[in-house]
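Here are the chains, one letter per residue:
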Amino acid sequence: MKRLLIVFFIIPFVACQEADILRENPSGIYTADNMYVTEAHFRSALNMLYQNYRNLYYGGDDNSFDLQLATDLSHAGQDAIVRFFSDYPATLDPTAAKVLYHWRGNYKIIANANTIIGRLPASEVPIEAQPQLEGEARFFRALAYRYLVYLYGGVPLILEETTSAKNDFVRSSKDEVIQQMIADLQFAAANLPSIPNLPDGQVSKEAANHLLAESALAIGENDLAIEASSQVIGNPALALMTDRFGSRRNQPGDVYWDLFQRNNQNRSSGNTEGIFVIQFEPDVPGGGQSTIARTGYQMERWHTPNVPLATDPDDRNLIATGFLPTSIVGRGAGWLMPTFHFSNEIWYDESGDIDDRDMRVSEYNFPRGVLYNNPSGPAKYQGVYFDINTDENQYLLDTRGTWSRGAYPYQTKATTPGDHPSNLILNPETMQLRDIAGVTYTDWYDMRLAETYLLRAEAYLESGNPALAAADINTVRSRAGAVSVDASAVNLDFILDERLRELGIEEKRRLTLSRTGRMYTNIRQYNRYNADDIQEHHQVFPIPQSEIDANIGAVLEQNPGYN
């Protein structure tokens, strides 16, 4: 407002002066020409890439959870609402906002990365500092194309800064996109520092090699996948965590539980397993989380049970407010519920029971029973433990024959049980949370070493070496206390199940199923909620119709099966 007033009063006095006096010299206005000059400018631009990515897949938007919903991992807790991916034909409409969200969000990252890459050579950045900055930008460009190629198939490859209107994009093939990802990641791996030499959260040589291994697997370059993943696994600065550690190591739990407690994800906490960790700082400008509003990654709200909806086994209309207290599960809404395959089938031992030797399915990490303590409920149930996995109790809890949104097995990594920020605690005695709770108040793994082992196992298997594949799988299973698998039992199905056991709700499951060609078959087999509505063409999203309509200079082809 002050600037506007100053302009208003000055104009009458300068009107009679020479015209060039009125010409503005916008020295205080940022443009592309003066923003990309110094190393500090480029670091600021790279920081925006981190923020773009965090906002896209770890923000509060519903679409952040599209990559877990409606897969063999989970189904919609409210199965009649399209926003929860409850119906494939209704959800994957070419005009749907959900379809456009991932397209535009990732191309925004690509556009910003291209500007950094294209403007570095003419900048004032010392020549010896340029490769690291370019490697970081190339990592994010590859990361964005990873989402696009697995969600949509072949997409337009844009590798230069776009400085004018363009309406003639054409699609490259899926293999061409992945080959470009590989080229970018090889450059990044060659020019980024190793993880011990970087601040928490900054992408490293190991992050680039991890993603390179996954990308190579997608087009059958198994030797490259083995080489890249071995570079990560062989780094002496990285190791699976095998002993209790971190902020709550003296509390009941286990080392797998420790991995997901507050402040335990980064190297500064002693964690040698995290490779690329998304950083959050509650109530700090730009920190991505707030304790005074429900802002941040809301996996707690999506995945943990909606406690007030739990019902008494004798009367479904009786709200059991003591059923799964919120101090244990957080402020859940029960929208991202596990499939029976994820919560039960993958954990069965040789006798057909849940294998309690595996800490990843322990009461600390994947609770599947509840202690009934509703004071207004029947006396006969007070203090009774209900195993909600039995067929009987599944039907008692919900007329659909599965768990209600109020009580079901869930992964505690979604929340910070008993350790929420003090601002969110309404009653310190009962640990009841405020209505605005629901954010997962931890940093979040985007990549960790256990997954690298499973990627290398997959590459060994595809190369015809199941013994080495089993060895890598057993490294992960040994840390969890699980029984070793024999090489003869290792196949892609086993590896996909082991990814569920180890990575669970961390994993972008839709991308994994797309990469391995298992989207349709696994959902048909393991997700009874979407088994009847998914069709083969739903293995990829449609190209957004608005993008096709705007591309008047060339044909941007729609994926088969979509009108």
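Residues numbered from 1 in each chain as written. Predicted model: local features only at pLDDT ≥ 70, side-chain atom pairs only at ≥ 80, totals over all residues. Heavy atoms only, no water.

Digging into the packing of aromatic side chains
On inspection of all chains with the given rule, the structure shows 28 aromatic pairs. Plain terms: the ring middles of Phe 65 and Trp 302 are 4.5 Å apart, the flat faces sit at 20° to each other, and that makes the pair stacked. Of the two residues, Phe 65 is situated in the loop between α3 (39-58) and β1 (74-76) and Trp 302 in helix α11 (residues 299-303); the sequence distance between them amounts to 237 residues. For Phe 65, a relative accessible area of 0% puts it in the buried group. Taken together, a centroid distance of 5.4 Å and an interplanar angle of 90° make the contact between Phe 139 and Phe 140 edge-to-face. What makes Phe 139 buried here is its relative accessible area of 0%. (Phe/Tyr/Trp six-rings, centres within 6.5 Å; stacked < 30°, edge-to-face > 60°. Helix = DSSP H or I, 4+ residues; strand = E, 2+ residues; numbered from the N terminus. Buried < 20%, exposed > 50% of the residue type's maximum accessible area, 1.4 Å probe, protein only.)

Description of the environment of Ser 484
Residue position: Ser 484 is located in the loop between α16 (466-480) and α17 (492-503). Taking relative accessible area as the criterion, Ser 484 reaches 54% and is therefore assigned exposed. For Ser 484 and Ile 473, which are 11 residues apart along the polypeptide, the C-alpha to C-alpha distance reads 8.2 Å.

Some remarks on the pairing of strand β2 (residues 274-278)
In terms of residue burial, β2 counts as a mostly covered element, since five of its five residues are buried. In this sheet, strand β12 (residues 444-448) lies alongside β2 in antiparallel orientation, the contact comprising four bridges. Following the sheet pairing, Phe 276 is matched in β12 by Met 447. (Pairing = 2+ DSSP bridges.)

Some points on the confidence of the model for the protein
In the predicted model, the protein carries a mean pLDDT of 88, and 85% of its residues have values of at least 70. Below a pLDDT of 50 lies the segment residues 316-327, which in the model reaches 47 contacts outside its immediate sequence neighbourhood of four places, other chains included. Throughout residues 391-401 the model reports pLDDT below 50, and contacts reaching past four residues in sequence, or to other chains, amount to 29 contacts. (pLDDT = per-residue confidence, 0-100. Contact = heavy atoms within 4.5 Å.)

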